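Chain by chain, the residues:
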Amino acid sequence: GETVAVVTWSPRGFSAGSAVRRHHHLPDDAAGFASELYATLHAVDEAGCAEVLVERPPEDAAWDGVQDRLTRASHE
């Protein structure tokens, strides 16, 4: 019964079942994703989502900062 949010960057779809109440599709480039990430995390927090599932960023140097931000956010 908990509310789940999903944050993706890739154009492919996902199937996460009926628990997903919010889906946020962010830009598929590292800079665009990073610029929208914190606002999106705050939005799902304010919406009362119990869990936030984030699509794993590509393993590419351009995405290292995003990966660092996600790691830090997951420990808060």
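Further up the page is the structure itself.
So, a few notes on the structure that sits alongside this text. (Residues numbered from 1 in each chain as written. Predicted model: local features only at pLDDT ≥ 70, side-chain atom pairs only at ≥ 80, totals over all residues. Heavy atoms only, no water.)

**Digging into the side chain of Ser 10**
Note on placement: Ser 10 falls in the loop between strand E1 (4-8) and strand E2 (20-25). Within the structure, Ser 10 has its side chain in polar contact with the side chain of Glu 55 (distance 2.6 Å). Once residues within four sequence positions are removed from consideration, Ser 10 is found in contact with His 25 and Glu 55. (Helix = DSSP H or I, 4+ residues; strand = E, 2+ residues; numbered from the N terminus. Polar contact = N/O pair within 3.5 Å; in protein donor to acceptor, adjacent residues only side chain to side chain. Contact = heavy atoms within 4.5 Å.)

**A look at helix H1 (residues 30-46)**
Compared with an ideal rise of 1.5 Å per residue, which puts 17 residues at 24 Å, H1 spans 24 Å between its outermost C-alpha atoms and is within 8% of the ideal. Along H1, the sharpest change in direction is near 40° and occurs at Leu 37. On its buried face, H1 sits against E1, E2, strand E3 (51-54) and helix H2 (64-74). Remark: Gly 48 follows H1 within two positions and exhibits a positive phi of approximately 85°. (Expected span 1.5 Å × (residues − 1). Bend = angle between axes of the 7 residues up to and from the residue.)

**Considerations on the environment of Pro 11**
Along the polypeptide, Pro 11 turns up in the loop between E1 and E2. Each C-alpha atom, one on Pro 11 and one on His 25, is 8.4 Å from the other, the two residues being 14 residues apart in sequence.

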